[in-house]
Amino acid sequence: MSQPLRPGATLGVMGGGQLGRMFVHAAQTLGFRTAVLDPDAASPAGCVSHVHVQTDYLDAAGLQALVNAADAVTTEFENVPAAALNTLAQSRPVAPAGASVAICQDRAAEKAHFGASGVPCAPYAVIATEADLAAVDANLLPGILKTARMGYDGKGQVRVSTPTELAAAWHDLKQVTCVLEKRLGLLLELSVIVARGADGQIVHFPVQQNLHLGGILAVTTVPAPDVSPALAAQAVTRASAIAAEMGYVGVLCVEFFVVDDGQGGQALVANEMAPRPHNSGHYTIDACDLSQFDLQVRTMAGLPLVQPRLHSPTVMLNLLGDLWFTAGAEETEPAWERVLALPGVHLHLYGKTSARPGRKMGHLTVTGATPEAVQLVATQVRDILG
Ligand code: ADP
Ligand code: MG
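Residues numbered from 1 in each chain as written. Chains lettered and ligands numbered in written order. Predicted model: local features only at pLDDT ≥ 70, side-chain atom pairs only at ≥ 80, totals over all residues. Heavy atoms only, no water.

Structural notes on the side chain of Gln-292
- Here Gln-292 shows up in helix H10 (residues 292-301).
- What makes Gln-292 buried here is its relative accessible area of 0%.
- Setting aside chain neighbours within four positions, we find Gln-292 in contact with Ile-193, Phe-205, Val-251, Pro-277, His-278, Gly-281, His-282 and Thr-284. (Helix = DSSP H or I, 4+ residues; strand = E, 2+ residues; numbered from the N terminus. Buried < 20%, exposed > 50% of the residue type's maximum accessible area, 1.4 Å probe, protein only. Contact = heavy atoms within 4.5 Å.)

Printed below as a string of structure tokens:
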């Protein structure tokens, strides 16, 4: 991009979920106007945007309306068809590019890209045909069969231990292209978020330690309590290499597994990446001087990137729809007033109209003077929410 976009211009986003909503908030804080394309009339981002184009992601008239409204476009939803981004890119700057998003949308392409970037991932095989299935190396079992496309929050994944289970699982998944990954013994999981400008400059957030429950992110802790500085530095270097290798422009999150290196130390294995801000980076809004959404705005607008700084230790708790049903079958709003009475609690609710188990309804960040003080409040929050 030659000229930066200035406040007053309109920033467009494909997708109207909570990530889009927080992007809109950051863009509007800087004085930008916003345009959201999302088919849902009640989408969390559409509700707070200046413009809401309410069509499907591939709808030609909708894409044209977004072009007419917006001076540049980003995405918040990784399953936005890359073709839609490519169409938009004929008329407007689009960051990240459709080609980058396409890599992140396909686990096989993603793993190949990790390899091309010199970053190790779990041993795997791509299963697209019966012949691929028959040729699978028994060393990959026990493993996890994952659909190559459209998986999220543990969906589209089956744990398999024997060739018979593998064959049955692939047939249950309708024989779509899958990746079989060796199941690793995880010491812990972490993620790192980088932002890369069109000029190649890269800045990064601190490494996040993540706890997943039932395949969904539950807790993010920063600074990562169990990650050595050397391993954290390696995660940043690797995420930066992955971004640079695809000429990425925008905010990129790379998830890593930490495994035993066989000598009592820790080794990093890349898991997957997201071409957008990430749930594990929500703490940046309250605990850093720049958030992941601020950097999404800056990268797409061609504005300066500066290295963000963590100004408070923090814990982020995801608020899933299950919390609305802890008292019984009736949907009941959790006791927010009790949570808000605790020090350093930042409650973010996404404005979703109905709660469902497993649905991301909001998140809560705790900040405080020390990691211990933050953990104490996080425990009190958990006790209140049940
Ligand atoms: P999703 O797109 O649903 O986030 P992931 O590939 O990140 O899918 O898998 C979800 C979770 O399942 C991971 O965060 C991790 O806890 C576990 N998992 C995934 N792959 C492996 C593996 N190869 N070995 C061990 N655990 C895994
Ligand atoms: Mg994941």
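A word on the sheet that holds strand E2 (residues 33-37)
- In spatial order, the strands read E3-E2-E1-E4; together these 4 strands make up an open sheet with parallel pairing. For this open sheet the edge positions go to strand E3 (51-53) and strand E4 (72-75), each flanked by a neighbour on one side alone. On average, adjacent strands in this sheet sit at an angle of 25 degrees to one another, irrespective of strand direction.
- Across 4 bridges, the pairing between strand E1 (residues 10-14) and E4 is parallel. Directly across from Val-13, in E4, lies its bridge partner Thr-74.
- Against the sheet, H10 contacts E1 and E4, and its axis sits at roughly 140 degrees relative to E4. (Pairing = 2+ DSSP bridges. Axes fitted to C-alpha atoms, helices over the stretch in contact; angles between N-to-C directions.)

Things to note about the nonpolar core
- Core analysis: the biggest nonpolar cluster contains 27 residues, and Leu-190, Val-207, Ile-242, Leu-252, Phe-256 and Met-273 have the highest contact counts within it.
- Of all the elements in the fold, those that place two or more residues in this core are strand E9 (186-196), helix H8 (229-245), strand E13 (250-260) and strand E14 (266-274).
- Counting residues per element, this core draws most heavily on H8, which supplies 7 residues.
- Setting aside its immediate chain neighbours within four residues, Val-207 contacts Leu-190, Ser-191, Val-192, Val-222, Ala-224, Ala-232, Ala-235 and Val-236.
- Formed by 21 residues, the second largest nonpolar core is a distinct cluster that contains Leu-11, Val-13, Val-249 and Val-297. (Core = buried A, V, L, I, M, F, W, Y, C linked by side-chain atoms within 4.5 Å.)

Thoughts on the packing of helix H2 (residues 60-69) against helix H3 (residues 82-89)
- Across the interface, H2 lies against H3 with an axial gap of 10 Å and an inter-helix angle of 45 degrees. It follows that H2 is oblique to H3 by the angle criterion. For the element pair H2 and H3, the recorded crossing hand is right-handed. The residues of H3 that touch H2, namely those facing Leu-63, Leu-66 and Val-67, are Ala-84, Thr-87 and Leu-88.
- Among the residues forming the contact of H2 with H3, the class breakdown is 5 nonpolar, 1 polar and no charged. (Parallel < 35°, antiparallel > 145°, perpendicular 65-115°, else oblique. Left-handed = near helix turned anticlockwise from the far one by under 90°. Nonpolar A, V, L, I, M, F, W, Y, C, P; charged D, E, K, R; others polar.)

A word on empty space enclosed by the protein
- Following the criterion strictly, the structure yields 1 cavity of 30 Å³ or more and no others.
- By volume, the largest cavity is sized at about 30 Å³.
- In terms of lining, the largest cavity is formed by Thr-74, Ala-95, Pro-96, Gly-250, Val-251, Pro-275, Arg-276, Pro-277, Gln-296 and Thr-299.
- The set of elements that each furnish at least two residues to the lining of the largest cavity consists of E13 and H10.
- Tallied by class, residues from the lining of the largest cavity come to 5 nonpolar, 4 polar and 1 charged. (1 Å grid on protein atoms, 1.4 Å probe; cavity = no way out; pocket = protein on both sides within 12 Å on 5 of 7 lines; lining within 4 Å. Points joined across faces, edges and corners; volume = space filled by probe spheres on them.)

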